[in-house]
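In case you want the letters, here they are:
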Amino acid sequence: GRPGSWTAGADLTYQTTRLFGDKNFLVGVWGLAMDRDGLDGNRHAFGAKIDYPNDLWDVAFTYRRVGEEFDPSLGFVPRPGVQAFNFNLVFQPRPRGRILGLRVRQMFNEFLNTLVTDLQGQWESYRIFTAPVNWRLESGDRIEFNFVPTGERLREPFEIAEGVTIPAGSYHWTRWRLEAQFASKRKASAQITWWFGGFYGGRLSELSLTGTLRPSPLFIIELNASHNVGRVPQGRFVQDVVGTRLRVNVSPDLQVSSYVQYDNGSRRIGSNTRLRWSFAPQGEFFLVYNHNLDEERDLLNRRTGWRFASNQLLTKLQYMFQY
């Protein structure tokens, strides 16, 4: 339905596993062009990547430039009219002795940087992710500490929650994270994450908890919850999401999973149940059922019950022919 639409592109990648004798190395470039009736500005996109992904040092640099009118009729462009620079540096030693009494299998000292500018070079956003501590222990458990300087330049007001709108302008803040993860090899495992610090001239606390229970290889139960509390000069907001998933592994060829989630933003309970059956090496059958309920409230914002919102039944059969 879009006259004159076309998209074309090419990429070239060189990679080797023998740099300096035994190191991995990759360098690549890519480019895309598109057009259709009614577009005028820059309709091109291109980028490049240099990557040195090795066990001790992992270093990568990427660049992409996306024209302001680059909008293919088939595809998805998250952010047109920008230049994006990424420089990532990770030092990953494997200590021989104990550190602070802990047996550390490997350390991941991360320095991950992102800068986005407009096509004229004026900055729009940046993020500097650092991990002074990201240790995976011999037990499989993991602990991590991060601090993340962040900046955003809003060209127009931005609504981050119902009734809370951030005015246009430049904002700079620092986020902090504490995280602990228990090894998935155990019958009961969990991960807890706490983000805190500045946020658009105010404060934001994000607490997330994920737990997994494996009473047997047949059943897996997952629980997750997040609680966000934000306070900015324009107001206060609270966001809660809770969910649970049940997986039943009848056999390697037959699995059933069901996920239920509630969030206080949409005030909706949504469920997704999926059956997957691999009836042959080349064939799979899926049966999916979605069901949603909306929360009802009275004039005083008190919960009065639930009402039906929607449901959906989907089937999919796929079979691969080889010749």
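Counting restarts for each chain: residues are numbered from 1 in the order of the written sequence. Only residues with pLDDT of 70 or above have their local features reported here, since the model is predicted, and side-chain atom pairs are shown and tallied only from 80 upward, although totals for entire chains, interfaces and linings are computed over all residues. Side-chain metrics in this entry use all non-hydrogen atoms of the structure; hydrogen atoms and water are not considered.

**Focus: the confidence of the model for the protein**
In regions of low pLDDT, the predicted coordinates are not meant to be interpreted in detail.
Link 1 in the chain: Known as pLDDT, the predictor's per-residue confidence is scaled from 0 to 100. Mean pLDDT over the protein: 94, with 100% of residues reaching 70 or higher.
Link 2 in the chain: Secondary structure counts use DSSP, requiring at least four H or I residues in a row for a helix and at least two E residues in a row for a strand, with both numbered from the N terminus. Highest mean pLDDT in the protein belongs to strand S4 (residues 57–66) (98); lowest belongs to strand S10 (residues 158–161) (89).

**What about the nonpolar core?**
Link 1 in the chain: In this text, buried Ala, Val, Leu, Ile, Met, Phe, Trp, Tyr and Cys residues form a nonpolar core when linked through side-chain atoms within 4.5 Å. Here's how the labels work: a residue is buried when its accessible area is under 20% of the maximum for its type, exposed when over 50%, partly exposed in between, all with a 1.4 Å probe on protein chains only. Membership of the largest hydrophobic core is limited to 12 residues, which are Leu 154, Ile 160, Ala 161, Val 164, Ile 166, Tyr 171, Trp 173, Phe 199, Tyr 200, Leu 204, Val 232 and Phe 237.
Link 2 in the chain: If you list the elements that add at least two residues to this core, you get S10, strand S11 (164–166) and strand S12 (169–181).
Link 3 in the chain: Judged by nonpolar contacts, the second largest core, of five residues, contains Met 34, Leu 39, Ala 45 and Phe 70.

**Details of the pattern of salt bridges**
Link 1 in the chain: One speaks of a salt bridge when a side-chain nitrogen belonging to Lys or Arg is within 4 Å of a carboxyl oxygen belonging to Asp or Glu. Within the structure shown, the criterion is met by 22 salt bridges.
Link 2 in the chain: Between Arg 155 and Glu 124 there is a salt bridge whose closest N-O contact spans 3.2 Å. Separated by 31 residues along the polypeptide, Arg 155 in the loop between strand S9 (142–154) and S10 and Glu 124 in strand S8 (residues 123–137) bring together distant segments of the chain.

**Details of the side chain of Asp 51**
Link 1 in the chain: Positionally, Asp 51 belongs in strand S3 (residues 44–53).
Link 2 in the chain: The exposure class assigned to Asp 51 is buried, which follows from its relative accessible area of 11%.
Link 3 in the chain: The residues contacting Asp 51, other than those within four sequence positions of it, are Asn 24, Phe 25, Leu 26, Asp 58, Val 59 and Ala 60. Contacts are residue-level and defined by heavy atoms, with any inter-residue pair within 4.5 Å sufficient.

**Thoughts on unusual backbone geometry**
Link 1 in the chain: Although it is not a glycine, Phe 20 adopts a positive phi angle of roughly 55 degrees.
Link 2 in the chain: Looking at where Phe 20 falls in the secondary structure, it is placed in the loop between strand S1 (6–19) and strand S2 (23–35).
Link 3 in the chain: Notably, Tyr 200 is not glycine yet its phi reads approximately 50 degrees, a positive angle.
Link 4 in the chain: Along the polypeptide, Tyr 200 turns up in the loop between strand S13 (188–199) and strand S14 (202–216).
Link 5 in the chain: The exposure class assigned to Tyr 200 is buried, which follows from its relative accessible area of 9%.

**Overview of a nonpolar patch on the surface**
Link 1 in the chain: The residues that make up patches have over 30% relative accessible area and no salt bridge, and they are joined within 9 Å when like-charged or within 5 Å when they are Val, Leu, Ile, Met, Phe, Trp or Tyr. Only the protein chains shown count as covering a residue, and every accessible area follows the Shrake-Rupley method with a 1.4 Å probe. A contiguous nonpolar patch, built from Leu 213, Leu 218, Phe 219, Ile 221, Leu 223, Leu 246 and Val 250 and spanning about 560 Å² of accessible area, is present on the exposed surface.
Link 2 in the chain: Mapped onto the nonpolar patch, the elements with two or more residues apiece are strand S15 (219–232) and strand S16 (235–251).
Link 3 in the chain: Counting residues per element, the nonpolar patch draws most heavily on S15, at three residues.
Link 4 in the chain: Here Leu 213 is to be found in strand S14.

**Considering the pairing of S15**
Successive side chains on a regular strand alternate, one facing one side of the sheet and the next facing the other.
Link 1 in the chain: Relative to S15, S14 runs antiparallel, the two being bridged by 12 bridges. In the sheet register, Thr 212 faces S15, and the bridge partner there is Glu 222.
Link 2 in the chain: One requirement defines pairing of two strands: DSSP has to find at least two bridges between them. Summarising the sheet, S15 and S16 pair through 14 bridges and their orientation is antiparallel. In the sheet register, Asn 224 faces S16, and the bridge partner there is Gly 243.
Link 3 in the chain: The loop that links S15 with its antiparallel partner S16 comprises two residues.

**Considerations on the packing of aromatic side chains**
Link 1 in the chain: In this analysis, rings of Phe, Tyr and Trp, with Trp reduced to its six-membered ring, are considered paired at centre separations within 6.5 Å, and the interplanar angle assigns stacked below 30 degrees, edge-to-face beyond 60, and tilted for intermediate values. Scanning the entire structure with this criterion turns up 15 aromatic pairs.
Link 2 in the chain: For the ring pair Phe 147 and Trp 176, a centre distance of 5.6 Å and an interplane angle of 40 degrees mean the geometry is tilted. Taken as a pair, Phe 147 in strand S9 and Trp 176 in strand S12 lie far apart in primary sequence, 29 residues in all.
Link 3 in the chain: Judged by its relative accessible area of 30%, Phe 147 falls in the partly exposed class.
Link 4 in the chain: Between Trp 173 and Tyr 200 the ring centres are 4.6 Å apart and the planes differ by 45 degrees, which places this aromatic pair in the tilted class. Separated by 27 residues along the polypeptide, Trp 173 in strand S12 and Tyr 200 in the loop between S13 and S14 bring together distant segments of the chain. Residues Trp 173 and Tyr 200 agree in their burial class; the two are buried.

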